[in-house]
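Coordinates in review
Each chain, written out:
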Amino acid sequence: MAKRKVDTENRGFQTRWESEYMFTKVAGKPVCLLCGESVAVLKEYNLRRHYETKHADKNKNMDMEQRLQKAEELKRGLKSRQALFKKAKSQGQAAVKASFILAEEIAKSARPFTEGDFIKNCMIKVCDEVCPEKRQLFLNVSLSRNTIAERVDQLSINLKEQLVKKGKDFIAYSLAVDESTDISDIAQLSIFIRGVDSNLSVTEEFLALRPMHGTTTGHDLYEEVSRCVNEMELPWEKLVGLTTDGAPAMCGHRSGLVAKIREKMQEENATGELTAYHCIIHQEALCGKALKMEHVMSIITRTVNFIRAKGLNHRQFKAFLTELETEHGDLPYHTEVRWLSQGKVLQRCFELREEICLFLDSKGKDTTQLRDEMFLCEMAFLCDITSHLNAINLQLQGRDRVISDMYSTVKAFKTKLTLWETQMRKENLSHFPSCQTMKEKLSTSAFPSTQLADKIGMLAADFRRRFADFEAQKSRLELLGNPFAVDVESSPPNLQMELIDLQCNDALRAKYAAVGAAEFARFLPSTMPQLRIQAAQTLSMFGSTYLCEQLFSLMNLNKTSHRSRLTAEHLHSILRISSAQSLTPNIDELVEKMGHHQVSPSTSNK
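Residues numbered from 1 in each chain as written. Predicted model: local features only at pLDDT ≥ 70, side-chain atom pairs only at ≥ 80, totals over all residues. Heavy atoms only, no water.

Per an unreviewed UniProt entry, the recorded name for the protein chain is SPIN-DOC-like zinc-finger domain-containing protein, and the organism is Oncorhynchus mykiss.

Shown next as structure tokens:
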């Protein structure tokens, strides 16, 4: 015979027991109104025995009406105590939640942890003026330096746990890796992950920032990247791509990071081939050096430095421009690391070329080179071509960029270079406004169109050379970019049947036209598994290390000369919070884990 289970017998609490035995029902259990004890099993016998054993003598002279009145009075008292407890509990949880929210904002704004005390003082002063009766509620919010540091670490751990959970669903993922040095001369290795799940949803998040106190060889880099992948419990066979800054330690054929990871994948018997890319944005910036016009840039840099380096010269130059009522009131600096600054400096110097010469003349400086017509033509050309290079650079920047779109942008620019070269030889300067201006102002010599066309040809050749690895993946990228235009016969055999089905499906063709290439992959039906896997692998690839560079900017905002002792753990936590894109900390879950902890006023005033 099966054993009886009390909770399956559907025993109900009867109202008469309140007056007869002074019991009420709380959270499904009978609770004594007189002593607060609860009875495990809801049976009248148990309630009667408890009452007669512990309380019968005290209430034996009361009639039924008095019992009812006393029961109602005790129930009201119980409810008021419960309400007070719930209020205190909710206020404590609200105080903890507020400290988490403010800690997240402090981390995102690159403020030091001690800002919590400042924020709390401001809150108290506002409270004293607006709602002084709620002062204690604000005092209960702990925002001390140690509390903010602890909250930031907890938020970071929560984000990492979410990423690990998402990582278990990835069917393909890629890594972007770059290395830089912080204010304390510590090498920092930045690692980002881009994963795609079975629904072809893309997750692009910060994976880790690893401090490297010793050497930064390919083996050292590999050890750190490998540790991150293993901590995330990611299978090596699902690793599709690796994008780096192109440094020898990253791309060395024998001992570089790429070579080491390929060896690891072979050891793990991974069937896929690792695709390694040199950051598209970095390569585009390097292509500009193929123009070999450093002699022009050096003269301009020397001129700008003369004006900007000394405070007196700078003030006088700005006053001079104000007196002439020019459109621009100053010259910007050129920084080699900031690639886009060169175009801005060139443009401003070209527009203010006459004013600059007049100012230098007043200072007794030789302006022969700056007035030379050939130099001015080269300066105008460099100004225009740098403007075009900066435009493509900006197009390639940003988060959530699909590599096939980035490849299309580069391919379009190479086509433009061919057109510009042809037009330049014919002295058609439609796309070179500064050159057009100079051609109209030339007095004696002819515009050097052939020489400048050769420069464009050199730039085009360097683009073809540097982006040869992308050309090798052309068919793969075009398969995601426009699967309806792909030649089925030249496609891999495992994709051919599905490609034919896709290209003959009018509904999918209409969907592609409506949502675009990046989103269309998610609408591929489950009957096309090979195309879905191919799309997932391409969607997972990084085209650049833009996110790593952006992270280094955040790192420099947080770890400054005034905050150089920031620990590696706290820096890592701050950067995970401030760089999170698709993930948000689950603060309610963190508050729940705190065990409904209520911060006391004494703690909050530390």
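Okay, the overall build of the protein chain next. The number of helices and strands found in the protein chain is 29 helices and seven strands. For the protein chain, whose C-alpha radius of gyration is 35 Å, the value lies well above the compact-globule estimate of 25 Å for 606 residues. Restricting the contact set of the protein chain to residue pairs at least 6 apart, pairs at least 24 apart contribute 70%. (Helix = DSSP H or I, 4+ residues; strand = E, 2+ residues; numbered from the N terminus. Rg over C-alpha atoms; globule rule 2.2 N^0.38 Å. Contact = heavy atoms within 4.5 Å.)

Our focus in this paragraph is the packing of aromatic side chains. Inspection of every chain in the model, using the stated rule, returns 12 aromatic pairs. Residues Phe 413 and Phe 463 carry aromatic rings whose centres are separated by 5.2 Å and whose planes lie at 40 degrees to one another, so their mutual orientation is tilted. Taken together, the residues Phe 413 in helix H17 (residues 403–425) and Phe 463 in helix H19 (residues 449–466) connect sequence positions 50 residues apart. Taken together, a centroid distance of 5.8 Å and an interplanar angle of 80 degrees make the contact between Trp 420 and Phe 432 edge-to-face. One end of the pair, Trp 420, is in helix H17; the other, Phe 432, is in the loop between H17 and helix H18 (433–441), and 12 residues separate them in sequence. For the pair Trp 420 and Phe 432, a shared accessibility class is recorded, and that class is buried. The aromatic ring of Phe 100 is capped on one face by Arg 151, whose charged end is 4.8 Å from the ring centroid. If you follow Lys 511 out to its NZ or CZ, it ends over the ring of Phe 523, 4.6 Å from the centre. (Phe/Tyr/Trp six-rings, centres within 6.5 Å; stacked < 30°, edge-to-face > 60°. Buried < 20%, exposed > 50% of the residue type's maximum accessible area, 1.4 Å probe, protein only. Lys NZ or Arg CZ within 6 Å of the ring centre and 35° of its normal.)

It is worth spelling out the pattern of salt bridges at this point. Here the structure, examined in full by the defined rule, presents 22 salt bridges. Put simply, Lys 160, Arg 210, Glu 224, Arg 227 and Glu 231 are held in one network by salt bridges that share partners. (Salt bridge = Lys/Arg side-chain N within 4 Å of Asp/Glu carboxyl O.)

Structurally, Ala 259 is set in helix H9 (residues 257–267). By relative accessible area, which is 10% here, Ala 259 ends up buried. In sequence terms Ala 259 and Glu 105 are 154 residues apart; their C-alpha atoms lie 41 Å from each other.

Here we take up the sheet that holds strand S5 (residues 202–212). Spatially, five strands are ordered S5-S4-S3-S6-S7 in an open sheet, and the strand pairing comes out mixed. Every interior strand has two partners, whereas the edge strands, S5 and strand S7 (275–278), have only one. Across this sheet, the average inter-strand angle for adjacent strands is 20 degrees, counted without regard to direction. Pairing analysis gives 10 bridges linking strand S4 (residues 187–197) to S5, with the strands arranged antiparallel. In the strand pairing of S5, Gln 188 is matched with Pro 211. Together, S4 and S5 form the strand contacts of helix H27 (residues 568–579), whose direction differs from that of S5 by roughly 160 degrees. (Pairing = 2+ DSSP bridges. Axes fitted to C-alpha atoms, helices over the stretch in contact; angles between N-to-C directions.)

This part takes up the pairing of S5. Along S5, nine of the 11 residues are buried, which leaves the element largely enclosed by surrounding structure. Connecting S4 to the next strand, S5, in antiparallel fashion are four residues, including Leu 200 with a positive phi near 60 degrees.

Glancing now at the nonpolar core. Ile 300 and Phe 381 are the most contacted members of the largest nonpolar core, which has 65 residues in total. Apart from residues no more than four positions distant in its own chain, Phe 381 is found in contact with Leu 291, Met 293, Met 424, Phe 432, Cys 435, Leu 452, Lys 455 and Ile 456. The next biggest cluster of nonpolar side chains, apart from the first, holds 64 residues, and it includes Ile 106, Ala 149, Tyr 173 and Ala 187. (Core = buried A, V, L, I, M, F, W, Y, C linked by side-chain atoms within 4.5 Å.)

This brings us to H27. The end-to-end C-alpha distance of H27, which contains 12 residues, comes to 16 Å, matching closely the 16 Å that a straight helix rising 1.5 Å per residue would cover. Within H27, 10 of the 12 residues are buried, which leaves the element mostly enclosed by the surrounding structure. Inspection of H27 places His 570, Leu 571, His 572, Ser 573, Ile 574, Leu 575, Arg 576, Ile 577, Ser 578 and Ser 579 among the buried residues, and these make up the whole buried set. (Expected span 1.5 Å × (residues − 1).)

Looking now at the side chain of Arg 353. Among the secondary structure elements, Arg 353 is positioned in helix H14 (residues 353–362). The side chain of Arg 353 is buried and forms no salt bridge, while Glu 354, the nearest opposite charge, is found at 4.8 Å. A polar contact of 2.5 Å, which involves the side chain of Arg 353, links it to the backbone oxygen of Phe 350. With residues near it in sequence (within four places) discarded, Arg 353 still touches Leu 376, Thr 437, Met 438 and Lys 441. (Lys, Arg positive; Asp, Glu negative; His and termini not counted. Polar contact = N/O pair within 3.5 Å; in protein donor to acceptor, adjacent residues only side chain to side chain.)

Right, let's get into empty space enclosed by the protein. Considering all chains together, one arrives at four cavities of 30 Å³ or more under this definition. Taken as a whole, the largest cavity holds about 110 Å³ of empty space. Forming the walls of the largest cavity are 13 residues, and the residues nearest its centre are Leu 479, Leu 480, Leu 524, Leu 531 and Ala 535. Looking at the lining of the largest cavity, the elements with two or more residues in it are helix H21 (474–481), helix H24 (517–520) and helix H25 (529–539). With four residues, H25 is the single largest residue contributor to the lining of the largest cavity. Its residues assigned to classes, the lining of the largest cavity shows 10 nonpolar, two polar and one charged. One number sums up the size of the second largest cavity: a volume of about 90 Å³. (1 Å grid on protein atoms, 1.4 Å probe; cavity = no way out; pocket = protein on both sides within 12 Å on 5 of 7 lines; lining within 4 Å. Points joined across faces, edges and corners; volume = space filled by probe spheres on them. Nonpolar A, V, L, I, M, F, W, Y, C, P; charged D, E, K, R; others polar.)

Glancing now at the packing of helix H6 (residues 145–167) against H27. Axis separation between H6 and H27 bottoms out at 9 Å; the angle between their running directions is 60 degrees. By the angle between their axes, H6 is oblique relative to H27. As H6 packs across H27, the resulting crossing turns out to be left-handed. Note on element contacts: H27 touches H6 through Glu 569, His 570, Ser 573, Ile 574, Arg 576 and Ile 577, opposite Ala 149, Val 152, Asp 153, Leu 155, Ser 156, Leu 159, Lys 160 and Leu 163. Split by residue class, the contact of H6 with H27 holds seven nonpolar, three polar and four charged. (Parallel < 35°, antiparallel > 145°, perpendicular 65-115°, else oblique. Left-handed = near helix turned anticlockwise from the far one by under 90°.)

The phi torsion at Leu 200 lies on the positive side, around 60 degrees, for a residue other than glycine. For Leu 200, the location among the structural elements is in the loop between S4 and S5. Look at Glu 233: it is not a glycine, yet its phi comes out positive at around 60 degrees.

Attention now moves to the environment of Ser 109. With respect to the helices and strands, Ser 109 occurs in the loop between helix H3 (64–108) and helix H4 (115–130). Residue classification places Ser 109 among the partly exposed positions, given a relative accessible area of 38%. Along the primary structure Ser 109 and Leu 557 are separated by 448 residues, whereas in three dimensions their C-alpha atoms are 9.2 Å apart. Polar side-chain contacts of Ser 109 include one of 2.9 Å to the backbone oxygen of Glu 105. A distance of 3.2 Å separates a polar side-chain atom of Ser 109 from the backbone oxygen of Ile 106.

Along the chain, the position of Glu 205 falls in strand S5. No salt bridge is formed by the buried Glu 205; its nearest oppositely charged neighbour, Arg 399, is found at 4.8 Å. In this structure the side chain of Glu 205 is engaged in a polar contact, spanning 3.3 Å, whose partner is the backbone nitrogen of Leu 583. Apart from the residues within four sequence positions on either side, Glu 205 is in contact with Leu 163, Phe 192, Ile 193, Ser 579, Ala 580, Gln 581, Ser 582 and Leu 583.

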